[in-house]
Amino acid sequence: MSKRNSSRPVLRVLGAMSGTSLDGVDAAVVETDGQRITGFGPSAYRRYSDAERACLRAALGLWPGEAPDRLAAAEAVIQTAHAELLSGFEGIDLVGFHGQTLAHEPRGRGTFQAGNGADLARTLGVPVAWDFRSADVAMGGEGAPLAPFYHHALARHLSGTRPMAFLNLGGVGNLTWVDPLHPAPETPGALLSFDTGPANAPIDDLMQARRGLAYDRDGALAAQGTVAEGALELFLDDPYFSRLPPKSLDRNDFATMVRLVGELCDADAAATLTAMSASAVLRGMEHLPHPPERLLVTGGGRLNPVLMEMLAVSLDCPVVPVEDAGLDGDMLEAQAFAFLAARVYHGLPTSCAGTTGVKMAIGGGEISRPTAGALS
Ligand SMILES: Nc1ncnc2c1ncn2[C@@H]1O[C@H](COP(=O)(O)OP(=O)(O)OP(=O)(O)O)[C@@H](O)[C@H]1O
Ligand SMILES: CC(=O)N[C@H]1[C@@H]2OC[C@@H](O2)[C@@H](O)[C@@H]1O[C@H](C)C(=O)O
């Protein structure tokens, strides 16, 4: 821990994210006082085995107390994978542990990220910030997306002077519009963010069902297909797309869309699902207050050239992977939860009206210490 031009100490924070794609756990170090990013550290990835992924898939949609055996098996996978990955890092002041979202229903039963931060703190011997979303939902927010406060810090780190946008193409897509001239993320007008719609999850589900593969590598199958315009139109009729932000999704909220492509051959189905993901983003762009100077794309979908091309040809602004700005698109969400952990530690807000729709800016997350008094 060190002090640098700030009343709050700079922490070396390790963030960990297990996303809706269920591919594995990302972990990355950020040095931050919770406001400024002062450095990026090492990162690592731990893939889930096929058996582990199947176990997590079987637990999607479960709430605490439901199907106890299935849930306990998934929790054991999450806990073990994180402990294995995170124990390989040294010199860490604080861990930001997102866990695995199993169910998300902000206007209903709430939001549930499996994984126990108190146990992880004991295992690693380091304080752990976790359960980032519950407080926001309890206060009437969507509980997601939460990365926007990090996007704001990144935009300032990049010395941006004009509004820019970040697009995460994970299992679900989410879009953040950020005006970097506002020094604080919670200032009205600094941020607008929301989930755009399904991104890779339906494509992955199709590939699993039809080809026994985890995903459409480089969009190779979609590139051979033709988009079924009728199915695309039916998809875009969903009221989610015209609903004003804030709004967020569960991984499987659009699972039935795979039925829209049920009669199509594999390649046409992949092309159509890819077009649906791109079109959901295009509809989302209509909600932004001003056109961004560029769209910085993160998450695995940025590696799908078919999806990226569909976005690029339809948008007026440049569409580029975040690597164009010197950032790491594989690790950006893990970094986000490192940054958010530092904010939790320093008592700073992690969401606001522009991000989750929560009425007042609030700090979510709790901190579990391995022993009383650590990092005091
Ligand atoms: N080379 C590639 N070509 C096409 N798609 C790819 C490629 N690499 C990754 N992907 C897609 O990206 C997905 C993983 O993305 P990512 O890790 O960003 O998701 P996630 O973080 O789990 O999701 P979320 O952000 O919704 O929580 C894979 O499941 C796959 O669909
Ligand atoms: C409930 C939940 O886990 N939502 C995830 C999911 O994956 C992408 C999108 O849906 C986003 O809203 C969120 O993740 C990112 C990290 C976020 O909170 O910013």
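Throughout, a residue's number is its position along its own chain's written sequence, starting from 1. Going through the entries in the order they are written, you letter the chains from A and number the ligands from 1. Local features are withheld for residues below a pLDDT of 70 in this predicted model, meaning they are given only at 70 or higher, and side-chain atom pairs are given and counted only at 80 or more; totals for whole chains, interfaces and linings count all residues.

## Re the overall build of the protein
1) Next: Helical segments are the DSSP runs of H or I of at least four residues, strand segments are the runs of E of at least two, and each set is numbered from the N terminus. Summing up its helical and strand segments, the protein has 12 helices and 12 strands in all.
2) Next: When we talk radius of gyration, it's over C-alpha atoms, and the globule rule is simply 2.2 Å times the number of residues to the 0.38. Against the compact-globule benchmark of 21 Å for 376 residues, the protein has a radius of gyration of 20 Å, which places it among compact chains.
3) Next: Once the C-alpha set of the protein is aligned to its principal axes, its extents read approximately 60 × 50 × 35 Å.
4) Next: A buried classification covers 53% of the 376 residues belonging to the protein.
5) Next: Note on contacts: each residue gets a C-beta atom placed from the backbone, and two residues are in contact if those atoms are within 7 Å. A sequence separation of at least 24 residues applies to 71% of the contacts in the protein between residues at least 6 apart. Exposed residues have 12 or fewer other C-beta atoms within 10 Å of their own C-beta, buried residues have 20 or more, and residues in between are partly exposed; the C-beta atoms are placed from the backbone.

## Examining the site of ligand 2
1) Next: Residues are classed as near a molecule or strand if the C-beta position derived from their backbone is within 6 Å of it. Around ligand 2, 18 residues are found, and the nearest of them are Thr 101, Ala 144, Pro 145, Ala 147 and Val 172.
2) Next: Contributing elements (two or more residues each) for the shell around ligand 2: strand E4 (94–105) and strand E8 (172–178).
3) Next: Partitioned by chemical class, the residues of the shell around ligand 2 number 6 nonpolar, 10 polar and 2 charged.
4) Next: Counting the residues that make up the shell around ligand 2, at least three belong to each of domain 1 (11–145 + 331–368) and domain 2 (148–325). Gly is put with the polar residues, along with every residue not named as nonpolar or charged; the nonpolar set is Ala, Val, Leu, Ile, Met, Phe, Trp, Tyr, Cys and Pro, and the charged set is Asp, Glu, Lys and Arg. As annotated, the domain borders come from an automatic or database domain assignment.

## Quick word on the nonpolar core
1) Next: We define a nonpolar core as a collection of buried residues of the types Ala, Val, Leu, Ile, Met, Phe, Trp, Tyr and Cys that are connected via C-beta atoms lying within 7 Å of each other. Ala 16, Val 95, Ala 338, Leu 340 and Ala 341 are the most contacted members of the largest nonpolar core, which totals 106 residues.
2) Next: Of all the elements, helix H12 (residues 332–345) adds the most residues to this core, at 11 residues.
3) Next: Split by domain, this core shows at least three residues from each of two domains, domain 1 (11–145 + 331–368) and domain 2 (148–325).
4) Next: Excluding residues within four positions of it along the chain, Val 95 makes contact with Leu 14, Ala 16, Leu 86, Leu 120, Leu 124, Val 126, Val 128 and Ala 341.

## Regarding the UniProt feature "binding site: ATP" (unreviewed entry) in the protein
1) Next: UniProt positions are given in the numbering used here, feature names are shortened, and annotations may be inferred rather than shown by experiment. UniProt marks Gly 19, Thr 20, Ser 21, Leu 22, Asp 23, Gly 24, Val 25 and Asp 26 with the feature "binding site: ATP" (unreviewed entry), using the numbering shown here.
2) Next: Take Thr 20: it is sitting in the loop between strand E1 (11–18) and strand E2 (24–32).
3) Next: Residue Thr 20 is classed as buried on the basis of its C-beta count, with 21 C-beta atoms lying within 10 Å.
4) Next: Excluding residues within four positions of it along the chain, Thr 20 makes contact with Thr 101, Gly 170, Gly 171, Val 172, Ala 201 and Arg 251.
5) Next: Within the secondary structure, Asp 23 sits in the loop between E1 and E2.
6) Next: Among all residues touching Asp 23, those that are not within four sequence positions of it are Arg 47, Tyr 48 and Ala 214.

## A word on the packing of helix H8 (residues 229–236) against helix H10 (residues 266–285)
1) Next: Fitted lines through C-alpha atoms serve as axes, helices being fitted only where they are in contact, and the angles separating the N-to-C directions of these axes extend from 0 to 180 degrees. It is the contact of H8 with H10, at a shortest axis distance of 10 Å, that shows an interaxial angle of 40 degrees. As judged from the angle between their axes, H8 and H10 are oblique. Classified by chirality, the crossing of H10 by H8 is right-handed. Where H8 abuts H10, its residues Ala 231, Leu 232, Phe 235 and Leu 236 lie against Thr 272, Ala 275, Met 276, Ser 279 and Arg 283.
2) Next: When grouped by side-chain class, the residues that make up the contact of H8 with H10 number 6 nonpolar, 2 polar and 1 charged. What sets the label is the angle itself: under 35 degrees gives roughly parallel, over 145 gives roughly antiparallel, 65 to 115 gives roughly perpendicular, and the rest give oblique. For any pair of crossing helices, the crossing counts as left-handed if the nearer helix is rotated counterclockwise from the farther one by less than a right angle, and right-handed if it is rotated clockwise.

## Focus on the site of ligand 1
1) Next: The immediate surroundings of ligand 1 are formed by 22 residues, with Gly 19, Ser 21, Gly 170, Gly 299 and Gly 300 found nearest.
2) Next: Taken together, the residues that form the shell around ligand 1 break down as 4 nonpolar, 12 polar and 6 charged.
3) Next: Among the domains, domain 1 (11–145 + 331–368) and domain 2 (148–325) are the pair contributing at least three residues each to the shell around ligand 1.

## A few points about the domain arrangement of the protein
1) Next: Split into domains, the protein comes out as domain 1 (11–145 + 331–368) and domain 2 (148–325).
2) Next: Between the C-alpha centres of domain 1 and domain 2 the distance comes to 22 Å.
3) Next: The interface of domain 1 with domain 2 comprises 31 residues on the first partner and 31 residues on the second.
4) Next: Residues belonging to the side of domain 1 that touches domain 2 are distributed by class as follows: 13 nonpolar, 12 polar and 6 charged.

## Focus: the confidence of the model for the protein
The predicted structure's coordinates, where accompanied by low pLDDT, should not be read in detail.
1) Next: Within a predicted model, pLDDT stands for the predictor's per-residue confidence, ranging from 0 to 100. With 97% of its residues at a pLDDT of at least 70, the protein reaches an overall mean of 96.
2) Next: Model confidence for the complex: the whole-complex pTM is 0.96, and ipTM, which rates the interface, is 0.98.

## Some details on the sheet that holds strand E11 (residues 319–321)
1) Next: We call two strands paired when DSSP finds no fewer than two bridges between them. Strand order in the open sheet formed by 5 strands is E9-E8-E7-E10-E11, with mixed pairing between adjacent strands. The open sheet has two edge strands with one neighbour each: strand E9 (191–198) and E11. Direction aside, neighbouring strands of the sheet carry axes that sit 25 degrees apart on average.
2) Next: Bridging between E8 and E9 involves 7 bridges; their strand directions are antiparallel. Residue pairing for E9: Gly 173 is matched across the bridge by Gly 197.
3) Next: Sheet strands touched by helix H5 (residues 148–157): strand E7 (164–169), E8 and E9. Its angle to E8, the strand with the most contacts, is close to 45 degrees.

## What about the pairing of strand E3 (residues 37–47)?
1) Next: Sheet topology note: the E2/E3 ladder contains 8 bridges and is antiparallel. What sits directly across from Gly 24, in E3, is Arg 47.
2) Next: If you look at the hairpin formed by E2 and E3, you'll find 4 residues sitting between the two strands, and Gly 34 has a positive phi there, around 95 degrees.

## What to know about the environment of Phe 337
1) Next: As for its position among the elements, Phe 337 is in helix H12.
2) Next: The spatial distance from the C-alpha of Phe 337 to the C-alpha of Val 95 is 8.5 Å, given a sequence separation of 242 residues.
3) Next: If we skip the residues at most four places from it in the chain, Phe 337 touches Gly 15, Ala 16, Met 17, Gly 96, His 98 and Phe 132.

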